[in-house]
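Close look at the chain arrangement
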Amino acid sequence: MLATRVQSAGEYSLTEKPLLEVKNLKKYYDISQGLFKPKLVVKAVDDISFSINKGETFALVGESGCGKSTTGRTILRLTGATSGEIRYKGQDLLSLQTEKMRSLRKEMQMVFQDPYASLNPKMTIKQILMEPLRVHKKFHPDERLEKIIEILEIVGLSKTHLDRHPNEFSGGQRQRIGIARTVILNPDFIIADEPVSALDVSVQSQVINLMLELQKDFGLTYLFISHDLSVVKHMTDRVAVMYLGKIVELADTEELFSNPKHPYTQALISAIPISHPREAKERIVLKGDVPNPANPPSGCTFHTRCPFVMEMCKSIEPSLTEIVTGHTASCHLYTNNKEEKTNAIIYS
Ligand code: SF4
């Protein structure tokens, strides 16, 4: 039975160590054009560190282009890292041989944003779900069809769907098929990259609830990548906020939403739509767009948009500092330089 996965997931002792550790990860892209042109580098992921414990849902949030999806793809080695360390169950992924990494991929799966683009339109659902089992030699060939029907029922579909093609399903059903294709390999760790943002709001909660149920039944650990903070608030345990390739704040979800420290996080949270007309909330509107990542601002990269910018922010880069236990933020408002803080230039 697929559903017995929880009981058999104890091969690696995770009582002390995180399932995944990311240290000083960098992913830079050289976008220089021509030999005699100045060197241009985009720091898509710039020296980030975090860890994820077994069974938790860890969110990476931020605006489009902040580096959250690149981080996910780099962890799975779908794109190479520039430097840093990624440890999964203690194994250094960046130095693993290709063959070993390929075999590890059945434990580390990805759910994509666009379920339609990630499913081959020419294949039937049976073929789509059979493929990973065949590639990873999972289960005896005689058992595979039974396993496919079992997983279809777990995600809310049935064997009547086996011979249909992806275009015969709704967006929500296609995402269920994408999730089934991921879970059929009995993974421990899933990177979900904007898994519900292409779906109608009415369907989003169904897919989220399915993911939460599967997490409970299969003992899954999620890295949940999203720009939608209302979804993140509902389903994650800890959150890291990214801005221009860096983590600017990291805390437990409840702590982050009730006590955001970084001005960028405060602005993102203030933009969450209110759930009740009587709920009063002051929206912080950020000035301008995200700066060009190939030419980021000096000092604190958020200083061009920050309502609390100080002189020091323009030249000195803040480092991630623990403000209360388990809650870190990189902002000079929380450093000890009182003289600079009293000279604060409030732009708004
Ligand atoms: Fe704003 Fe300065 Fe803090 Fe950056 S360091 S977020 S510019 S107050």
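For clarity, every value in this text was computed on a predicted model and none was experimentally measured. (Residues numbered from 1 in each chain as written. Predicted model: local features only at pLDDT ≥ 70, side-chain atom pairs only at ≥ 80, totals over all residues. Heavy atoms only, no water.)

For the chain, the count of helices and strands is 10 helices and 12 strands. Counting every position in the chain, which comprises 348 residues, the buried fraction comes to 48%. The contacts of the chain with a sequence gap of at least 6 include a subset with a gap of at least 24, amounting to 64%. For the chain, the accessible area works out to roughly 17300 Å², and carbon and sulfur atoms hold 50% of it. (Helix = DSSP H or I, 4+ residues; strand = E, 2+ residues; numbered from the N terminus. Buried < 20%, exposed > 50% of the residue type's maximum accessible area, 1.4 Å probe, protein only. Contact = heavy atoms within 4.5 Å. Areas by Shrake-Rupley, 256 points an atom, 1.4 Å probe, with all protein chains shown as cover.)

Within the secondary structure layout, Gln 215 lies in helix 6 (residues 201–218). At a separation of 2.9 Å, a polar atom in the side chain of Gln 215 contacts the side chain of Thr 57. Look past the residues within four positions of Gln 215 in its chain and what remains in contact with it is Gly 55, Glu 56, Thr 57, Leu 220 and Tyr 222. (Polar contact = N/O pair within 3.5 Å; in protein donor to acceptor, adjacent residues only side chain to side chain.)

The next subject is the sheet that holds strand 10 (residues 246–252). Read across the sheet, eight strands follow the order 6-7-8-3-9-10-12-11 without closing on themselves; strand pairing throughout is mixed. Unpaired on one side and paired on the other, strand 6 (108–111) and strand 11 (321–324) mark the two borders of the sheet. With direction set aside, neighbouring strand axes in the sheet form an average angle of 20°. As paired elements, strand 3 (residues 57–61) and strand 9 (residues 238–243) share four bridges and run parallel to each other. Residue pairing across strands places Val 61 opposite Val 241, the latter belonging to strand 9. Packing against the sheet, helix 1 (residues 68–75) makes contact with strand 3, strand 6, strand 7 (189–193), strand 8 (221–226) and strand 9, and its axis sits at approximately 145° to strand 8. Taken strand by strand, helix 5 (residues 171–183) contacts strand 6 and strand 7, and its axis lies near 175° from that of strand 6. (Pairing = 2+ DSSP bridges. Axes fitted to C-alpha atoms, helices over the stretch in contact; angles between N-to-C directions.)

Moving on, we get to the nonpolar core. Counting residues in hydrophobic clusters, the biggest one holds 62 residues, and the most contacted among them are Ile 179, Leu 214, Val 239, Val 241, Phe 257 and Tyr 264. Taken together, domain 1 (20–236) and domain 2 (258–344) each give at least three residues to this core, which thus spans both. Apart from the residues lying within four places of it in its own chain, the contact partners of Leu 214 are Ile 154, Ile 179, Val 183, Gly 219, Leu 220 and Tyr 222. Judged by nonpolar contacts, the second largest core, of 29 residues, contains Leu 25, Ile 48, Met 108 and Leu 223. (Core = buried A, V, L, I, M, F, W, Y, C linked by side-chain atoms within 4.5 Å. Domains from an automatic or database assignment.)

What follows deals with the pattern of salt bridges. Following the criterion strictly, the structure yields 10 salt bridges and no others. For Asp 188, the salt bridge is made with Lys 89, and the minimal N-O distance between the two is 2.5 Å. Pair noted here: Asp 188 is in the loop between helix 5 and strand 7 and Lys 89 is in the loop between strand 4 (83–88) and strand 5 (91–92), with a separation of 99 residues, a long-range link. Linked by salt bridges that have partners in common, Asp 46, Lys 246 and Glu 317 make up one network. (Salt bridge = Lys/Arg side-chain N within 4 Å of Asp/Glu carboxyl O.)

Before going further, it helps to spend a moment on the pairing of strand 7. Of all five residues in strand 7, five are buried; the element is thus mostly enclosed. Burial of strand 7 is two-sided: the residues Phe 189, Ile 191 and Asp 193 facing one way and the residues Ile 190 and Ala 192 facing the other way are all buried. As defined by bridge partners, strand 6 adjoins strand 7 across four bridges and the pair is classed as parallel. Within strand 7, the position partnered with Met 108 by the bridge is Phe 189.

Another point: the site of the ligand. Residues in close proximity to the ligand include His 262, Pro 263, Cys 300, Phe 302, His 303, Cys 306, Phe 308, Cys 313, Pro 318, Cys 331, His 332 and Leu 333, which together make up its full environment. When the residues that make up the shell around the ligand are grouped by side-chain class, the tally is nine nonpolar, three polar and no charged. (Near = heavy atom within 4 Å. Nonpolar A, V, L, I, M, F, W, Y, C, P; charged D, E, K, R; others polar.)

As a further point, take the packing of aromatic side chains. Applying the stated criterion to the full structure yields five aromatic pairs. Taking the centre distance of 6.2 Å and the plane angle of 40° together, the rings of Tyr 88 and Phe 189 count as tilted. One end of the pair, Tyr 88, is in strand 4; the other, Phe 189, is in strand 7, with 101 residues separating them in the sequence. Taking relative accessible area as the criterion, Tyr 88 reaches 0% and is therefore assigned buried. Joined through ring pairs, the aromatic side chains of Tyr 243, Tyr 264 and Phe 302 make up one cluster. The positively charged end of Lys 138 is found above the aromatic ring belonging to Phe 139, 5.8 Å away from the centroid. (Phe/Tyr/Trp six-rings, centres within 6.5 Å; stacked < 30°, edge-to-face > 60°. Lys NZ or Arg CZ within 6 Å of the ring centre and 35° of its normal.)

Let us now look at a nonpolar patch on the surface. A cluster of nonpolar side chains, Tyr 29, Ile 31 and Leu 40, forms an exposed patch at the surface whose accessible area comes to about 230 Å². One can find Tyr 29 in strand 1 (residues 20–30). (Patch = residues over 30% accessible without salt bridge, like charges linked within 9 Å, V, L, I, M, F, W, Y side chains within 5 Å.)

Most of helix 1 sits inside the fold, with six of its eight residues counted as buried. Residues of helix 1 that are buried: Lys 68, Thr 70, Thr 71, Gly 72, Thr 74 and Ile 75. Looking one or two residues past helix 1, Arg 77 carries a phi angle of roughly 60°, positive in sign.

Here we come to the sheet that holds strand 1. On the basis of which strands lie adjacent, the open sheet formed by four strands has the order 2-1-4-5 and antiparallel pairing. Whereas interior strands pair on both sides, the edge strands pair on one side only; in this sheet they are strand 2 (41–52) and strand 5. Bridge count for strand 4 against strand 5 is two bridges, and the pairing is antiparallel. The partner of Arg 87 across the bridge, within strand 5, is Asp 92. Sheet contacts for helix 1: strand 1, strand 2 and strand 4; angle to strand 1, the most-contacted strand, approximately 110°.

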